[in-house]
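# Coordinate analysis (summary)
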Amino acid sequence: MEEVTTGNFAQSAYERAMLVPRNMYAVEVRALLEEIASVCAALPESRFDAETLGKLLAKAADRCGCGGKDWVIPLLVALAGRAEGVEPEDVMAALGKMTTARRLTIAINKLCDTA
């Protein structure tokens, strides 16, 4: 298994289309990322760990109606610029709360841009 460190996830450029899997709509992905951003903002830095995030992410996805693991791809793209790799909660914990929030905001803004 790949060791999860901040260096593994340098911010990379990605196209808006990468955020939206074939079985989801952009509005659904945007709502999901906004929900996850909200959950992260409310979480104290001291609890911003993979175990806690894993539980919270699953609940956030359920609230948005994202069944199974459909939500993982857009979240990984938003965080790491790629749709595969490790679990999103591991990426988030490695990046930290501030960097995670910044990357989610960038992705949400890309989904708001219709150009």
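For clarity, every value in this text was computed on a predicted model and none was experimentally measured.

### Some words on the pattern of salt bridges
For the structure shown, the criterion picks out 3 salt bridges. Residue Glu 35 is joined to Arg 63 by a salt bridge in which the shortest nitrogen-to-oxygen separation is 2.7 Å. With Glu 35 in helix α1 (residues 26-42) and Arg 63 in helix α2 (residues 50-63), the pair connects residues that are 28 residues apart, well separated along the chain. Overall, the relative accessible area of 24% leaves Glu 35 in the partly exposed class. Residue Glu 51 pairs with Lys 55 through a salt bridge whose shortest N-O separation is 3.5 Å. Here Glu 51 pairs with Lys 55, and both are found in helix α2, just 4 residues apart, close to one helical turn.

### Quick look at the side chain of Lys 97
Positionally, Lys 97 belongs in helix α5 (residues 97-112). Buried and unpaired, Lys 97 has no salt bridge, with Glu 45 as the nearest side chain of opposite charge at 5.6 Å. Reaching out from Lys 97, the side chain makes a polar contact with the backbone oxygen of Leu 43 at a distance of 2.5 Å. Those residues within four positions of Lys 97 in sequence are excluded, and the remaining contacts are Cys 40, Ala 41, Leu 43, Pro 44, Glu 45 and Phe 48.

### Considering the environment of Arg 16
Considering the arrangement of structural elements, one finds Arg 16 in the segment before α1. Of the residues examined, Arg 16 reaches a relative accessible area of 31% and is grouped as partly exposed. Linking Arg 16 and Ala 26, residues 10 residues apart in sequence, is a C-alpha distance of 9.2 Å. When residues no more than four places from it in sequence are discounted, the contact partners of Arg 16 are Ala 26, Lys 110, Leu 111 and Asp 113.

### With respect to the nonpolar core
By size, the foremost hydrophobic cluster in this structure holds 31 residues, and its most contacted members are Leu 33, Ile 36, Trp 71, Leu 75 and Met 92. Contributing elements (two or more residues each) for this core: α1, α2, α3 (72-80), α4 (88-95) and α5. Those residues in contact with Leu 33 that lie beyond four places of it in its chain are Pro 74, Leu 75, Ala 78, Leu 104, Ala 107, Ile 108 and Leu 111.

### As for the confidence of the model for the protein
For the protein, mean pLDDT is 87; residues scoring 70 or higher make up 88% of the total. Segment residues 1-6 is flagged for pLDDT under 50; beyond a separation of four residues in sequence, or across chains, it makes 13 contacts in the model.

### Regarding the packing of α2 against α4
Their axes nearest at 8 Å, the elements α2 and α4 cross at an angle of 130°. By the angle between their axes, α2 is oblique relative to α4. Considering the relative orientation of α2 and α4, their crossing is right-handed. Of the residues in α4, those in contact with Ala 50, Leu 53, Gly 54 and Leu 57 of α2 are Pro 88, Glu 89, Asp 90, Met 92 and Ala 93. The residue makeup of the contact of α2 with α4, split by class, is 6 nonpolar, 1 polar and 2 charged.

Rules behind the numbers
Residues numbered from 1 in each chain as written. Predicted model: local features only at pLDDT ≥ 70, side-chain atom pairs only at ≥ 80, totals over all residues. Heavy atoms only, no water. Salt bridge = Lys/Arg side-chain N within 4 Å of Asp/Glu carboxyl O. Helix = DSSP H or I, 4+ residues; strand = E, 2+ residues; numbered from the N terminus. Buried < 20%, exposed > 50% of the residue type's maximum accessible area, 1.4 Å probe, protein only. Lys, Arg positive; Asp, Glu negative; His and termini not counted. Polar contact = N/O pair within 3.5 Å; in protein donor to acceptor, adjacent residues only side chain to side chain. Contact = heavy atoms within 4.5 Å. Core = buried A, V, L, I, M, F, W, Y, C linked by side-chain atoms within 4.5 Å. pLDDT = per-residue confidence, 0-100. Axes fitted to C-alpha atoms, helices over the stretch in contact; angles between N-to-C directions. Parallel < 35°, antiparallel > 145°, perpendicular 65-115°, else oblique. Left-handed = near helix turned anticlockwise from the far one by under 90°. Nonpolar A, V, L, I, M, F, W, Y, C, P; charged D, E, K, R; others polar.

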